[in-house]
Amino acid sequence: MWLIIGLIAGAAVLGLVVWMRSRNIVIKWYEGLIGALGLVALLFTIQNFAGSLAELESTAANMFLLVTGLPALILLAVSWQLVARRQRAA
Amino acid sequence: MGKFHSNISRRDFMKGIGLAGAGLGAAAATAPVFHDLDELASSPSGLTKQPWWVKTVDEPTTEVDWNVIERFAQTGQGYISSPDFGQHYENIKQAILSNEDGNTLRDHALFVGGEWAMFGWPDELAQSFVTHPNVSGAAYVQDATTAKAMGVPRWEGTPEENLRMMRSIISYYGGADGGAVELTDKTRKLILSADYYGKPYVFEDVDEAYETDAKYVIPNKCRWIINFHVLQNGAAGKVLQSALAYSAVYMAYAHADLICRRLQEFLHVLGYQGLGKNPGAIIGYANLAGLGEQGRHMIEISPEHGSLIREPAMLITDLPLSPTKPINFGAHKFCYSCGKCAENCPGGAIPTATDPSWEVAGAWNQAGTRCWFNDRAKCQPFGWKYENAGGCDNCQVVCPFSSLDKASIHQVVKATISNTSIFNSFFFAMDGFMDYGGFGHTAEDWWNRDLSKYPYDTTLGR
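About the criteria used
- Residues numbered from 1 in each chain as written.
- Chains lettered and ligands numbered in written order.
- Predicted model: local features only at pLDDT ≥ 70, side-chain atom pairs only at ≥ 80, totals over all residues.
- Heavy atoms only, no water.
- Helix = DSSP H or I, 4+ residues; strand = E, 2+ residues; numbered from the N terminus.
- Rg over C-alpha atoms; globule rule 2.2 N^0.38 Å.
- Buried < 20%, exposed > 50% of the residue type's maximum accessible area, 1.4 Å probe, protein only.
- Contact = heavy atoms within 4.5 Å.
- Areas by Shrake-Rupley, 256 points an atom, 1.4 Å probe, with all protein chains shown as cover.
- Axes fitted to C-alpha atoms, helices over the stretch in contact; angles between N-to-C directions.
- Parallel < 35°, antiparallel > 145°, perpendicular 65-115°, else oblique.
- Left-handed = near helix turned anticlockwise from the far one by under 90°.
- Nonpolar A, V, L, I, M, F, W, Y, C, P; charged D, E, K, R; others polar.
- Buried area = accessible area lost by both parts, 1.4 Å probe.
- Salt bridge = Lys/Arg side-chain N within 4 Å of Asp/Glu carboxyl O.
- Patch = residues over 30% accessible without salt bridge, like charges linked within 9 Å, V, L, I, M, F, W, Y side chains within 5 Å.
- Core = buried A, V, L, I, M, F, W, Y, C linked by side-chain atoms within 4.5 Å.
- Pairing = 2+ DSSP bridges.
- pLDDT = per-residue confidence, 0-100.

1. Some points on the overall build of chain A
And step 1. Looking only at helices and strands, chain A features 3 helices and 0 strands.
And step 2. Counting helices and strands in the order they occur from the N terminus, chain A gives α-α-α.
And step 3. For 90 residues, the compact-globule formula gives about 12 Å, and the C-alpha radius of gyration of chain A, at 15 Å, lies well above that figure.
And step 4. On the principal axes, the C-alpha backbone points of chain A span a range of 50 × 25 × 15 Å.
And step 5. Relative to its 90 residues, chain A shows a buried fraction of 29%.
And step 6. The long-range fraction of contacts in chain A, counting pairs at least 24 apart against all pairs at least 6 apart in sequence, stands at 72%.
And step 7. Entry remark: accessible area of chain A is about 5,700 Å², with carbon and sulfur atoms responsible for 77%.

2. Focus on the environment of Trp446(B)
And step 1. Relative to the elements of secondary structure, Trp446(B) occurs in helix 16 (residues 443–447).
And step 2. Each C-alpha atom, one on Trp446(B) and one on Ala235(B), is 7.0 Å from the other, the two residues being 211 residues apart in sequence.

3. A closer look at the packing of helix 2 (residues 29–54) of chain A against helix 3 (residues 58–89) of chain A
Residues and elements named next belong to chain A.
And step 1. One way to put it is that helix 2 packs onto helix 3 with a least axis distance of 8 Å and a crossing angle of 160°. With respect to each other, helix 2 and helix 3 are oriented roughly antiparallel. Crossing handedness for the pair helix 2 and helix 3: left-handed.
And step 2. Residues of the contact of helix 2 with helix 3, tallied by class, amount to 20 nonpolar, 10 polar and 2 charged.

4. Overview of the interface of chain B and chain A
And step 1. Facing the 22 residues of chain B at the interface are 16 residues of chain A.
And step 2. Both sides of the chain B and chain A interface together cover about 1,600 Å² of buried area, and 61% of this is carbon and sulfur.
And step 3. The largest contributions to the chain B side of the interface with chain A come from Lys406(B), Phe433(B) and Met434(B), which together make up 29% of the buried area.
And step 4. Taken together, chain B and chain A are joined by 1 salt bridge.

5. Describing a nonpolar patch on the surface
And step 1. On the surface, Trp29(A), Tyr30(A), Leu33(A), Leu37(A), Leu66(A), Val67(A), Leu70(A), Leu73(A), Ile74(A), Val78(A), Leu82(A) and Phe433(B) cluster together into a nonpolar patch covering about 1,100 Å² of accessible area.
And step 2. Considering every element that reaches the nonpolar patch, the biggest residue donor is helix 3 of chain A, with 7 residues.
And step 3. Along the chain, the position of Leu82(A) falls in helix 3.
And step 4. For Leu82(A), a relative accessible area of 33% gives the class partly exposed.

6. Details of the nonpolar core
Residue and element names in this part refer to chain B.
And step 1. The biggest cluster of nonpolar side chains holds 33 residues, and the ones touching the most others in it are Met166 and Leu263.
And step 2. It is helix 8 (residues 243–270) that contributes the most residues to this core, 8 residues altogether.
And step 3. Filtering out sequence-adjacent residues up to four positions away, Met166 remains in contact with Ile226, Leu263, Phe266, Leu267, Leu319 and Leu321.
And step 4. Val181, Ile191, Tyr201 and Tyr216 belong to the second-largest nonpolar core, a separate cluster that totals 20 residues.

7. Some points on the pairing of strand 1 (residues 176–182) of chain B
Residue and element names in this part refer to chain B.
And step 1. The buried count for strand 1 comes to 5 of 7 residues, which makes it a mostly enclosed element.
And step 2. Relative to strand 5 (residues 224–231), strand 1 runs antiparallel, the two sharing 5 bridges. Directly across from Val181, in strand 5, lies its bridge partner Ile225.

8. So, the pattern of salt bridges
Residue and element names in this part refer to chain A.
And step 1. Applying the stated rule across the entire model yields 13 salt bridges over all chains.
And step 2. Ionic pairing is found between Glu31 and Arg86, a salt bridge with its closest N-O pair at 2.6 Å. In this pair, Glu31 sits in helix 2 while Arg86 sits in helix 3, placing the two residues 55 residues apart along the sequence.
And step 3. Judged by its relative accessible area of 2%, Glu31 falls in the buried class.

9. Points about the confidence of the model for chain A
And step 1. Looking at chain A, pLDDT values average 90 and 100% of them are 70 or higher.
And step 2. For chain A, per-element mean pLDDT is lowest for helix 1 (residues 2–22) of chain A, which scores 88, and highest for helix 2 of chain A, which scores 93.

Structure, rendered in structure tokens:
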């Protein structure tokens, strides 16, 4: 499973980088850092959600979606918006 | 909204959504629909999950002619060639003497231990002190296959090699981990002075251990303890105070007897003694050997298995072993802030005080350690099913260290606890917030668990 997730994540990041370069979109270091943290948090959420279900701890699984999943999405959204708004302003 | 340009036309976008929707609908229509759990349990997909490349068929791949097949009598089909056991033992002996790879003395000992109970289990050998007490006067076929009986040199290894060998065989026979303690004037104090019925354990200058009606005799030359974990199933235990939870306890006890017996046979063939079962303070020796730390519940907490350990079983042996050192991974310290086992003890047998004490709770405790002495009189009615139908292993299951370790967060928390105690209260609170440890689980959850995650409940307790 993690091989496939890794392939998807790697392909997505590569695709994003190629797409941004084709549009001459430059990202600041803090935008990249926030995005990377968001991605790590998302992967952490997925692993712990699936792992908690495997441990028969369904409440813990749902809590991970809330406690780490939501912040992960927020971080990714913040990173996206920082880049998008800077591009619009330019 | 800013300008946004896409290469996909509106027509193509709507077409894509339509196709995706149709695909989902088709998948839902063809997927099996279960109206209740009986239907699920009886369907083919309720059975063991096969890899995707396995096809289910109506007929086996071996052709069968049912017109030819008749019921078969096994009579006389056991040994179809006349076995010569004398030659068999001679073959074993010669292989040992020539150091044949895979047929050395310890390989042979592994076999003898592993086949234990294949042909039944004599009652007198249950939890026996010596390997073959010969209480009934019976002759044990295993006695013919020892190094001594075959006239081959017994196993000789360095203490480090011996410990490595014992860890390997413990793992093979169904135990986990493995540690060793040398019996010194101090550590001998953890050997029992008498068993449950008052029969004393005494040390004497004799060559072989023996047991009489009056005493158990441990040779002074038996100077080492070998101990290891017998694990207890954690998934079944999550249904607190149930027959499922209690089955995990007693299945583990049965495994413990089997594993100890196998080890005794193994040592016996090698030319050494293994005195069991558990003639000492098993938690104390486990702490000394570095198998774990003692928790508030007075049982062992292991870094890997948490409190899901039925017992850190032990044998006394004369096989020289390299002692293993105690460990510290923050578990005992965590107990100061936690107390979850005490909160969930139905009998109130576990102290709730923050700090441990030197003061024992009753005659069932051995004085001389600073811990949270439990009140066994309050535990036993629940642990031994007087007060409820299902028995109790709450303290083991609710312990925050008893996670089944499939979610990565547990390793992060354990690593942090091991290095600093400043987050202990936070972790205890989070454990409750995340509802870990057995609350709200039903038996149906366990009966319908994903078997690919729990393919078989072996003596490894998973």
